[in-house]
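Below are the chains, spelled out letter by letter.
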Amino acid sequence: MKQNENVLEINNISVSFDGFYALTDVKANVKRNSIHFFLGPNGAGKTTLLDIICAKTKPTQGTVMYYPKNREPMRLTGMKEYKIVNEGVGRKFQVPSVFINLTVEENMILSLKGHKGILDSIFHKPGKEELDEIDRILEKVGLLDEKETRAGALADGKKQWLEIAMQIVQKPEIIMLDEPAAGMGKPETFRTGEILKEIKKDCTIIVIEHDMDFVKQIADKVTVLHEGKVLMEGDITSVLADETVQAVYLGRGGE
Ligand SMILES: Nc1ncnc2c1ncn2[C@@H]1O[C@H](COP(=O)(O)OP(=O)(O)OP(=O)(O)O)[C@@H](O)[C@H]1O
Ligand SMILES: [Mg+2]
């Protein structure tokens, strides 16, 4: 099968909430195994766009096409949310969702694909292969030494990395992260970037983030949204050098 180099194609998406257009005619292509940022000031429509991709919100117009590896393309618009997750498009929300009373490893076991929840995890013990895979991923995010630690006892940064690990164990083709470095200090933010660079070897990463150093560290491509429209798209250096982009940010107090 001929492989499309894009894993996602966002085609002319518009969304109106009672007549207010949160997105207007948004087009963007996301390349496989890349880190693609959506930037823009508050209210630009970034989170709404992720809501469209995972079908939490229905667009007024437009389609989102998904090109999974060695499988038939799928139209995500119109699909059920859980089905999209099953097909390999995962999303980490802004609010942490780890089980604080379970260990790091137990949280990972619960996230394994095919596990239907706590009861199923009690009756279906993971095999050696699955446990090895969990170790491999925990190593990638720097949490292997904390396997037995109660998730609630982890520092905030490590909780975020555990959540990323819980996404990765489901072997998604795309993961979407809404402000993964929010509340992190500079060293943790940098480390998050290094983790994501490691992870993009296995999947495509779509990120929303306000921290420009973080964007510069890892972005392959950025799409700038402003008032629900695509303002500019390109590599981070040319986007930041653009006067219109600067005006949009400076107009809101800058970064
Ligand atoms: N369910 C909704 N009903 C009505 N308006 C909405 C809804 N969801 C979002 N909006 C509006 O759409 C616009 C875009 O919101 P969105 O949350 O996508 O922005 P954002 O770029 O993620 O901003 P931020 O950087 O603050 O997170 C905002 O004006 C918001 O108030
Ligand atoms: Mg948002």
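This structure is a prediction, so every number in the text was calculated from the model and none was measured.

How each quantity is defined
- Residues numbered from 1 in each chain as written.
- Chains lettered and ligands numbered in written order.
- Predicted model: local features only at pLDDT ≥ 70, side-chain atom pairs only at ≥ 80, totals over all residues.
- Heavy atoms only, no water.
- Buried < 20%, exposed > 50% of the residue type's maximum accessible area, 1.4 Å probe, protein only.
- Helix = DSSP H or I, 4+ residues; strand = E, 2+ residues; numbered from the N terminus.
- Axes fitted to C-alpha atoms, helices over the stretch in contact; angles between N-to-C directions.
- Left-handed = near helix turned anticlockwise from the far one by under 90°.
- Contact = heavy atoms within 4.5 Å.
- Nonpolar A, V, L, I, M, F, W, Y, C, P; charged D, E, K, R; others polar.
- Parallel < 35°, antiparallel > 145°, perpendicular 65-115°, else oblique.
- Core = buried A, V, L, I, M, F, W, Y, C linked by side-chain atoms within 4.5 Å.
- Pairing = 2+ DSSP bridges.
- Phe/Tyr/Trp six-rings, centres within 6.5 Å; stacked < 30°, edge-to-face > 60°.
- Polar contact = N/O pair within 3.5 Å; in protein donor to acceptor, adjacent residues only side chain to side chain.

Q: Would you mind showing me how to read helix α1 (residues 46-53) here?
A: An α-helix turns once every 3.6 residues. As a result, residues three or four positions apart point the same way. For α1, a buried count of seven out of eight residues is recorded, marking the element as mostly surrounded by other parts of the structure. Taken together, the buried positions of α1 are occupied by Lys46, Thr48, Leu49, Leu50, Asp51, Ile52 and Ile53. At the C-terminal side of α1, Ala55 shows a positive phi close to 65 degrees.

Q: Where do I start with the packing of helix α3 (residues 104-111) against helix α5 (residues 128-140) in this structure?
A: Between two packed helices, both the angle of their axes relative to each other and the distance between the axes serve to describe the pair. Closest axis-to-axis distance for the α3/α5 pair is 10 Å, and the angle between their directions is 120 degrees. For α3 against α5, the interelement crossing comes out right-handed. For the pair α3 and α5, the contacting residues are Val104, Glu105, Met108 and Ile109 in the first and Leu131, Ile134, Ile137 and Leu138 in the second. Along the lines of polarity and charge, the residues of the contact of α3 with α5 split into seven nonpolar, no polar and one charged.

Q: Looking at this structure, how should I read the packing of α3 against helix α6 (residues 156-168)?
A: With their axes 8 Å apart at the nearest point, α3 and α6 run at an angle of 30 degrees to one another. Accordingly, the angle class assigned to the pair α3 and α6 is roughly parallel. Taken as a pair, α3 and α6 cross one another with a handedness that is right-handed. Along its contact with α3, which presents Val104, Asn107, Met108 and Ser111, the element α6 presents Leu162, Ala165 and Met166. In terms of residue class, the contact of α3 with α6 is built from five nonpolar, two polar and no charged.

Q: I'm lost on the nonpolar core in this one. Help?
A: Here is a general trend for soluble globular proteins: nonpolar side chains tend to be buried in one another's company. Of all hydrophobic cores here, the largest spans 43 residues; its most connected members are Phe37, Met108, Leu162, Leu196 and Ile205. Here this core gets six residues from one element, more than from any other, and that element is α6. By size, the runner-up hydrophobic cluster in this structure holds 29 residues, among which are Leu50, Ile174, Ile206 and Ile208.

Q: So what exactly am I meant to see when it comes to the pairing of strand β9 (residues 221-226) here?
A: Look at any regular strand and the pattern is simple: side chains alternate between the two faces of the sheet. Counting buried positions along β9 gives five out of six residues, so the element sits mostly inside the fold. When strand β3 (residues 35-39) meets β9, the two strands line up parallel, connected through four bridges. For Phe37, the partnering residue across the bridge sits in β9 and is Val222. As paired strands, β9 and strand β10 (residues 229-234) are joined by five bridges and run antiparallel to one another.

Q: Please clarify how the environment of Gly19 should be interpreted in this entry.
A: Tracing the chain through its elements places Gly19 in the loop between β1 (6-17) and β2 (20-31). For Gly19, a relative accessible area of 57% translates into the label exposed. Considering only alpha carbons, one finds Gly19 and Tyr67, 48 residues apart in sequence, at a separation of 32 Å.

Q: It is not clear to me how the packing of aromatic side chains should be interpreted in this structure. Could you clarify?
A: Aromatic rings considered in pairs are described by the distance between their centres and by the relative angle of their planes. Scanning all chains against the criterion turns up one aromatic pair. Relative to Phe214, the ring of Phe37 lies with its centre 5.9 Å away and its plane at 85 degrees, an arrangement referred to as edge-to-face. Highlighted residues: Phe37 in strand β3 and Phe214 in helix α8 (residues 212-218), separated in sequence by 177 residues. Accessibility assignment for this pair places Phe37 and Phe214 in one class, buried.

Q: Is there a simple way to think about the side chain of Glu87 in this case?
A: Its location among the elements puts Glu87 in the loop between α2 (81-86) and β6 (89-92). Looking at Glu87, the relative accessible area reads 17%, which means it is buried. In this structure the side chain of Glu87 is engaged in a polar contact, spanning 2.7 Å, whose partner is the side chain of Arg71. Not counting residues up to four positions away in its chain, the partners in contact with Glu87 are Tyr66, Arg71, Met74 and Met79.

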